[in-house]
Amino acid sequence: MSKIDFTGRVAIVTGAGAGLGRNCAMELAKRGAKVVVNDLGGARDGTGGGSAAADLVVKEIKDAGGEAVPNYDSVADVAGGENIVKTAIDAFGKVDIVVNNAGILRDKTFLKMEPENWDAVIAVHLRGAYCVTRPAFANMRENGYGRIIMTSSSSGVFGNFGQTNYGAAKMGLAGLANVLKLEGAKYNIKVNVLLPGAGTRMTEDIMPPEAFERMKVEYVTPATLYLCSEQCQDSGLYINAGGGNFSRSNIMTGLGVKFEGMPTPEDIQKHWSAITSLENAKYFPSTAEWSMENQKTPVIKKS
Ligand code: NAI
């Protein structure tokens, strides 16, 4: 088994001033990566900001013998994203790795979910990944190499009460990865989705205290680093990581039924259990492959 080593690689970690991003940036640097530590230094809900958070992590990396530069832009706007990538190229000449990690939280039940709280969360998580990844992807394509991580969440993939904005943004990142993995394939750009679970300021009043203590960010980072590595040849996977558990989530599609002729709503009702069955369900890496499989669906005659 080869050692995972990032010597010669340049990584951008967004939201690296705290929590998961900080630990990921530090571990990437320990294994030789040159790191752009991006963080606008705001509060958990995205308000406020300052340079101290990113500066401190850069200092910690340098004190440990690594290389890093800070960046204080918000991921949520196009100019900010471009400047984050420019920071990497100006300081280190290229971008090999992007860990889209920056995040905020503004939980409310749906009827109390005012537009500003919806928009702010979608902006940081989903638009933020677009704003940073797009200019980075251009550089990766030129270099014929890239590793991109979208930090999603079980809140999107499974659902979590009170987080419609966050769940929508996080599932949006999975959709972004599903498509970008196809567009990146021929340039050796792998795009994977991380679903972490860790005790950070984001989860301090959400996780039970015992879980908060136990679920150290350090348990997530090994998965992030593997997904960032040259050794990782997979693309488009959703990987859960937290508290020592690692697993894969997926969207599976059942075989279903195909009607001979035009079905009625009653036909749907009658065959509902076959339509919704996940027996022998399969994963499809693209719409094209799913469409091919659809042609094999057994045809049932309407009674
Ligand atoms: P955290 O609050 O400790 O760290 C998030 C960092 O992102 C903060 O330092 C913050 O200043 C920065 N940030 C926020 N908005 C930004 C912006 N517009 N531009 C640049 N930086 C910005 O939270 P944590 O837990 O480390 O979260 C990291 C990522 O993991 C987030 O995307 C979060 O949604 C995701 N996540 C975390 C889970 C957990 O259990 N901690 C569970 C599932 C997902």
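Calculation rules
Residues numbered from 1 in each chain as written. Predicted model: local features only at pLDDT ≥ 70, side-chain atom pairs only at ≥ 80, totals over all residues. Heavy atoms only, no water. Core = buried A, V, L, I, M, F, W, Y, C linked by side-chain atoms within 4.5 Å. Buried < 20%, exposed > 50% of the residue type's maximum accessible area, 1.4 Å probe, protein only. Helix = DSSP H or I, 4+ residues; strand = E, 2+ residues; numbered from the N terminus. Near = heavy atom within 4 Å. Polar contact = N/O pair within 3.5 Å; in protein donor to acceptor, adjacent residues only side chain to side chain. Areas by Shrake-Rupley, 256 points an atom, 1.4 Å probe, with all protein chains shown as cover. Nonpolar A, V, L, I, M, F, W, Y, C, P; charged D, E, K, R; others polar. Domains from an automatic or database assignment. Contact = heavy atoms within 4.5 Å. Disulfide = S-S within 2.5 Å. Salt bridge = Lys/Arg side-chain N within 4 Å of Asp/Glu carboxyl O. Pairing = 2+ DSSP bridges. Axes fitted to C-alpha atoms, helices over the stretch in contact; angles between N-to-C directions.

Chemist: Sorry if this is basic, but what is going on with the nonpolar core here?
Modeler: One recurring pattern in soluble globular proteins is that nonpolar side chains are buried together. In terms of nonpolar packing, the biggest core is built from 37 residues, with Ile 12, Val 95, Val 98, Ile 148, Met 150 and Val 191 touching the most fellow members. Looking at this core, the elements that each hand over two or more residues are β1 (10–13), α3 (78–92), α4 (115–143), β5 (146–151), α6 (164–184) and β6 (189–196). With eight residues, α4 is the largest single contributor of residues to this core. Residues Met 26, Leu 28, Ala 29 and Leu 225 belong to the second largest nonpolar core, which totals 34 residues.

Chemist: How should I be thinking about the site of the ligand in this particular structure?
Modeler: Around the ligand lies a shell of 31 residues, among which Asp 39, Asn 101, Tyr 166, Ala 198 and Thr 200 are the nearest. One nitrogen or oxygen atom from the main chain of Asn 101 is found 2.8 Å from an oxygen atom belonging to the ligand. Note that an oxygen atom of the ligand is positioned 3.4 Å from one of the backbone N or O atoms of Gly 103. When isolated, the ligand has an accessible area of 820 Å², and the protein chains bury 97% of it. Among the secondary structure elements, those contributing two or more residues to the shell around the ligand are α1 (19–30), α4 and α6. Looking at the shell around the ligand residue by residue, the class counts come to twelve nonpolar, 15 polar and four charged.

Chemist: I keep staring at the domain arrangement of the protein chain and nothing clicks. Help me out?
Modeler: How large an interface is tends to be reported as the accessible area lost when its parts come together. Here the domain parsing of the protein chain yields domain 1 (10–249) and domain 2 (258–300). Taken over C-alpha atoms, the centre of domain 1 sits 36 Å from the centre of domain 2.

Chemist: Looking at this model, I keep getting lost on the side chain of Ser 249. Mind explaining?
Modeler: Its place among the elements puts Ser 249 in strand β8 (residues 245–249). Engagement of the side chain of Ser 249 in a polar contact is seen with the side chain of Asn 240, the distance being 2.9 Å. Excluding residues that lie within four positions of it along the chain, Ser 249 makes contacts with Val 157, Phe 158, Tyr 238 and Asn 240.

Chemist: Can you help me understand the environment of Gly 93 in this one?
Modeler: Turning to its location among the elements, Gly 93 is positioned in the loop between α3 and β4 (97–100). On the basis of relative accessible area, Gly 93 is assigned to the partly exposed category, the value being 48%. Separated by 199 residues in sequence, Gly 93 and Met 292 place their C-alpha atoms 43 Å apart.

Chemist: I tried to follow the state of the cysteines on my own but got confused; where do I start?
Modeler: Covalent bonding between the sulfur atoms of two cysteines is what defines a disulfide. Under the criterion given, the structure shown has zero disulfides. Cysteine Cys 24 shares no disulfide, and the gap to the nearest cysteine sulfur, in Cys 228, comes to 5.3 Å. On the accessibility criterion, Cys 24 (2% relative accessible area) is buried. The structure places no disulfide on Cys 232, whose sulfur is separated from the nearest cysteine sulfur, that of Cys 228, by 8.9 Å.

Chemist: Even after reading the chapter, I still don't get the pattern of salt bridges, so can you show me in this structure?
Modeler: It is possible for side chains of opposite charge to pair when their charged atoms get near one another. Inspection of the entire model under this criterion finds 13 salt bridges. Between Arg 9 and Asp 96 there is a salt bridge, with the nearest N and O atoms lying 3.4 Å from each other. Here Arg 9, found in the segment before β1, pairs with Asp 96, found in the loop between α3 and β4; they are 87 residues apart in sequence, far enough to count as distant. Owing to a relative accessible area of 16%, Arg 9 belongs among the buried residues under this scheme.

Chemist: How should the side chain of Asn 38 be read in this particular structure?
Modeler: Note on placement: Asn 38 falls in strand β2 (residues 34–38). On the accessibility criterion, Asn 38 (2% relative accessible area) is buried. In this structure the side chain of Asn 38 is engaged in a polar contact, spanning 3.0 Å, whose partner is the side chain of Asn 71. Among all residues touching Asn 38, those that are not within four sequence positions of it are Val 13, Thr 14, Gly 15, Ala 16, Gly 17, Asn 71, Tyr 72, Asp 73, Val 75 and Ile 84.

Chemist: Even after reading the chapter, I still don't get the sheet that holds β6, so can you show me in this structure?
Modeler: Reading across from one edge, β3-β2-β1-β4-β5-β6-β7-β8 is the order of the eight strands in this open sheet, with mixed pairing throughout. Looking along the sheet, the strands with just one partner apiece sit at the ends: β3 (67–71) and β8. Neighbour to neighbour, the strand axes of the sheet diverge by 20° on average, direction disregarded. Where β2 lies against β3, five bridges are found, and the strand directions are parallel. Within the sheet, the bridge partner assigned to Val 36 lies in β3 and is Val 69. Contacting β5, β6 and β7 (238–242), α6 crosses the sheet at an angle of about 165° to β5. Contacting β4, β5, β6, β7 and β8, helix α8 (residues 221–228) runs over the sheet at an angle of about 145° to β5.

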